[in-house]
Every structure is written in C-alpha cells, then in structure tokens.
Amino acid sequence: MNEHDERGTTRTGVDPSRLDDQQLMKELETIHRTRHDTLLYGSNDALRAHNERMAQLEGEYLRRNPTRPVAAGRTREGARERTSGEDGTPATPGT
C-alpha cells in the first residue's frame, strides 16, 4: 500500500518523510480540514485513501515530535477531572 516511485511519492502523495516541517504541517492542516466532508460525502475509495494519507502524515509528525507537549485535559485523567458528579456530565466552567 505504501509503494514509492523514483520521485518519492506514494499512491496518496509525496512521502511524508520528504516534506520539511512547514510542508508537513500544511498537509496535516489540509487533511484535517477536509476530513469531515470526506467522511460524509466521499466514496469508499476516497475515504480509504484519506485514512491512509492521514495515517502517513500523522505518523511522520509523531516520529519527528516524540516529546510533543500533551495538554492535561487531553488525557483520560484530565477528562475524568472535567466531569462532575456520578452522572458523568461535564463540569460547568467557573463553578
């Protein structure tokens, strides 16, 4: 699935390892922006290609940034701290 040709491209675009950091971020921003429409309106082939490309780009980003900052609220523990009471409803900010 991740076949490369002599120009460093894959079936879904330029090999992410060949992109500089700025190009990689631009590709990630674009693919995340188009995700919803692809999911709702794209063909199965389009969605499959989108999934493959997103995994390639995100994998490369994570490879380059293994110690990226992680917001406490984006962890399981942080999410649990945002809930109030036993019913699991989100806590109201400022209360």
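Residues numbered from 1 in each chain as written. Predicted model: local features only at pLDDT ≥ 70, side-chain atom pairs only at ≥ 80, totals over all residues. Heavy atoms only, no water.

Our next topic: the overall build of the protein chain. Assigned secondary structure in the protein chain consists of three helices and four strands. When its helices and strands are written in sequence order, the protein chain yields β-β-α-α-α-β-β. Going through the 95 residues of the protein chain one by one, you find that 20% of them count as buried. Taking all contacts inside the protein chain whose residues are at least 6 apart in sequence as the whole, residues at least 24 apart take part in 47%. (Helix = DSSP H or I, 4+ residues; strand = E, 2+ residues; numbered from the N terminus. Buried < 20%, exposed > 50% of the residue type's maximum accessible area, 1.4 Å probe, protein only. Contact = heavy atoms within 4.5 Å.)

A few words now on the pattern of salt bridges. Going through the model one piece at a time under the given rule, you end up with five salt bridges. Across the salt bridge formed by Arg63 and Glu60, the nearest N and O atoms sit 2.6 Å from each other. Of this pair, Arg63 and Glu60 both sit in helix 2 (residues 44–64), three residues apart, roughly one helical turn. Relative accessible area serves as the criterion here: at 8%, Glu60 is assigned to the buried category. Measuring nitrogen to oxygen at the nearest pair gives 2.7 Å for the salt bridge that ties Arg64 to Glu60. Of this pair, Arg64 and Glu60 both sit in helix 2, four residues apart, which is roughly one turn of that helix. Members of the salt-bridge network, linked through shared partners, are Asp21, Glu60, Arg63 and Arg64. (Salt bridge = Lys/Arg side-chain N within 4 Å of Asp/Glu carboxyl O.)

We now examine the nonpolar core. In this structure, Leu19, Leu24, Leu28, Ile31, Met54 and Leu57 together form the largest nonpolar core, which totals six residues. Elements represented by at least two residues in this core include exactly helix 1 (21–41) and helix 2. Considering every element that reaches this core, the biggest residue donor is helix 1, with three residues. Each residue touching Leu19, except ones within four places of it in the same chain, is listed here: Val14, Leu24, Glu27, Arg53, Leu57 and Arg64. (Core = buried A, V, L, I, M, F, W, Y, C linked by side-chain atoms within 4.5 Å.)

A separate point is the side chain of Thr38. One can find Thr38 in helix 1. Take Thr38: its relative accessible area is 13%, and that puts it in the buried class. Of the polar contacts made by the side chain of Thr38, one reaches the backbone oxygen of Thr34; its length is 2.9 Å. Excluding residues within four positions of it along the chain, Thr38 makes contact with Ala46, Leu47 and His50. (Polar contact = N/O pair within 3.5 Å; in protein donor to acceptor, adjacent residues only side chain to side chain.)

In this model helix 2 runs 30 Å from its N-terminal to its C-terminal C-alpha over 21 residues, within 8% of the 30 Å that 1.5 Å per residue would give. When we look at burial in helix 2, the residues that qualify are Leu47, His50, Glu52, Arg53, Met54, Gln56, Leu57 and Glu60. (Expected span 1.5 Å × (residues − 1).)

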